[in-house]
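Residue strings, one per chain:
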Amino acid sequence: AQKITQTQPGMFVQEKEAVTLDCTYDTSDQSYGLFWYKQPSSGEMIFLIYQGSYDEQNATEGRYSLNFQKARKSANLVISASQLGDSAMYFCAMRGGTGTASKLTFGTGTRLQVTL
Amino acid sequence: KAGVTQTPRYLIKTRGQQVTLSCSPISGHRSVSWYQQTPGQGLQFLFEYFSETQRNKGNFPGRFSGRQFSNSRSEMNVSTLELGDSALYLCASSEGLRAQYFGPGTRLTVL
């Protein structure tokens, strides 16, 4: 079974500052993938970034980067230069290996509030 | 490419009724997954269809069912609605393992 833990229910960050959202995971699969999604109040889940368990480099997508520490089973999201539009819920999720690759297991989310 | 579309966006039903939700994936994507999001249980996987076959299933009762058509569009059906079925139902499509793209969701309210 897979498990995602997000220990920060809420975070505040000032505009233009960087923020790190924590995510730890547990799985017995050797091959897996980790995702981060943003969910604004409208409800849509917006895909941000993906890290495969065998990817050698940490994933980056624009202002988003994933700090992947395999031995610690952590996959923290770093948002640089926060903007007011970044205020939303953020979910960490993982997929398993063959047979469960299409099933995402989600954490409970972190609500990020960007302030002036 | 157009994104994932879901219809309807909002639904209000009463207990005991049934409901059908529709999802059109991104063009070229053959995999469609469904998730239920509630304040109490969070985001939970319902099932996944690939090339018209159910490939994975979550831990939901048999009242929840789905199907996929040859054009990859998918429908999800919930029969004998219960109050606890009130949720945001999200559909996601993918063509590989490195991303699942979600639609805007259908918000179902059961009275």
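Details of the structure are given in the entry above.
Residues numbered from 1 in each chain as written. Chains lettered and ligands numbered in written order. Predicted model: local features only at pLDDT ≥ 70, side-chain atom pairs only at ≥ 80, totals over all residues. Heavy atoms only, no water.

Novice: Explain the overall build of chain A here, please?
Specialist: Check the secondary structure of chain A and you find 0 helices and 12 strands. Ordered by position from the N terminus, the helices and strands of chain A form the series β-β-β-β-β-β-β-β-β-β-β-β. Relative to the 2.2 N^0.38 estimate, which gives 13 Å for 116 residues, the radius of gyration of chain A is 14 Å and therefore close to what a compact globule would have. Counting only residues that meet the buried cut, chain A has 49% of its 116 residues in that class. Of the roughly 5600 Å² of accessible surface on chain A, a fraction of 48% belongs to carbon and sulfur atoms. Looking at charge distribution, chain A has the averaged site of its 10 positive side-chain charges lying 5 Å from that of its 10 negative ones. (Helix = DSSP H or I, 4+ residues; strand = E, 2+ residues; numbered from the N terminus. Rg over C-alpha atoms; globule rule 2.2 N^0.38 Å. Buried < 20%, exposed > 50% of the residue type's maximum accessible area, 1.4 Å probe, protein only. Areas by Shrake-Rupley, 256 points an atom, 1.4 Å probe, with all protein chains shown as cover. Lys, Arg positive; Asp, Glu negative; His and termini not counted. Charge placed at Lys NZ, Arg CZ, Asp CG, Glu CD.)

Novice: Please clarify how the interface of chain A and chain B should be interpreted in this entry.
Specialist: Accessible area lost when the parts come together is the quantity often used to give the size of an interface. Counting residues at the interface gives 19 residues for chain A, matched by 19 residues for chain B. Taken over both partners, the interface formed by chain A and chain B buries close to 1600 Å², and the fraction arising from carbon and sulfur atoms is 54%. Run the count over chain A and chain B and you get 1 salt bridge. Ionic pairing is found between Arg98(B) and Asp55(A), a salt bridge with its closest N-O pair at 2.9 Å. Taken together, the connections running from chain A to chain B amount to 8 residue pairs in polar contact (both at pLDDT 80 or more). When contributions to the side of chain A that touches chain B are tallied by element, the ones reaching two or more residues are β5 (33-39), β6 (46-52), β10 (88-95) and β11 (104-106) of chain A. Of all the elements, β5(A) adds the most residues to the side of chain A that touches chain B, at 3 residues. (Contact = heavy atoms within 4.5 Å. Buried area = accessible area lost by both parts, 1.4 Å probe. Salt bridge = Lys/Arg side-chain N within 4 Å of Asp/Glu carboxyl O. Polar contact = N/O pair within 3.5 Å; in protein donor to acceptor, adjacent residues only side chain to side chain.)

Novice: Could you clarify how one ought to interpret the state of the cysteines in this entry?
Specialist: Disulfide: a covalent bond connecting the sulfur atoms of a pair of cysteines. All names here are of chain A. Inspection of every chain in the model, using the stated rule, returns 2 disulfides over all chains. Between Cys23 and Cys92 runs a disulfide, and the two sulfur atoms are separated by 2.0 Å. Disulfide Cys23-Cys92: torsion about the S-S bond near -60°, hence left-handed. Remark: Cys92 occurs in strand β10 and Cys23 occurs in the loop between β3 (19-21) and β4 (24-26); sequence separation between them is 69 residues. (Disulfide = S-S within 2.5 Å.)

Novice: How do you make sense of the side chain of Arg63(B) when you look at a structure like this?
Specialist: Residues and elements named next belong to chain B. Mapped onto the elements, Arg63 comes out in the loop between β6 (53-57) and β7 (64-68). Judged by its relative accessible area of 17%, Arg63 is buried. Looking at Arg63, its side chain comes within polar contact range of the side chain of Asp85, at 2.8 Å. Not counting the four nearest positions on each side in its chain, Arg63 is found in contact with Asn77, Val78, Ser79, Thr80, Leu81, Glu82 and Asp85.

Novice: Please clarify how the environment of Tyr10(B) should be interpreted in this entry.
Specialist: Residue and element names in this part refer to chain B. Of note, Tyr10 is situated in strand β2 (residues 10-13). Residue classification places Tyr10 among the exposed positions, given a relative accessible area of 59%. Separated by 65 residues in the primary sequence, Tyr10 and Glu75 place their C-alpha atoms 15 Å from one another.

Novice: How do you make sense of the pattern of salt bridges when you look at a structure like this?
Specialist: Where charged atoms of side chains with opposite charge meet at close range, the side chains can pair. This model, assessed by the stated rule, comprises 8 salt bridges over all chains. In this structure, the salt-bridge partner of Lys73(A) is Asp26(A), at a minimum N-O distance of 3.3 Å. Linking Lys73(A) in the loop between β8 (64-69) and β9 (74-79) with Asp26(A) in strand β4, this pair joins segments that are 47 residues apart in sequence. On the accessibility criterion, Lys73(A) (30% relative accessible area) is partly exposed. Looking at Asp26(A), the relative accessible area reads 42%, which means it is partly exposed. Salt bridges sharing common partners tie together Arg63(B), Glu82(B) and Asp85(B).

Novice: Teacher, can you tell me more about the pairing of β7(B) here?
Specialist: On any regular strand, side chains alternate: one points to one face of the sheet, the next to the other face. Residues and elements named next belong to chain B. With 5 bridges connecting them, β7 and strand β8 (residues 74-78) associate as antiparallel partners. Looking at the pairing, Ser65 lines up with Asn77 of β8. Where β7 folds back on β8, the antiparallel hairpin that results is connected by 5 residues, among which Ser72 adopts a positive phi of roughly 80°. (Pairing = 2+ DSSP bridges.)

What is shown is where atoms sit, not what they do.
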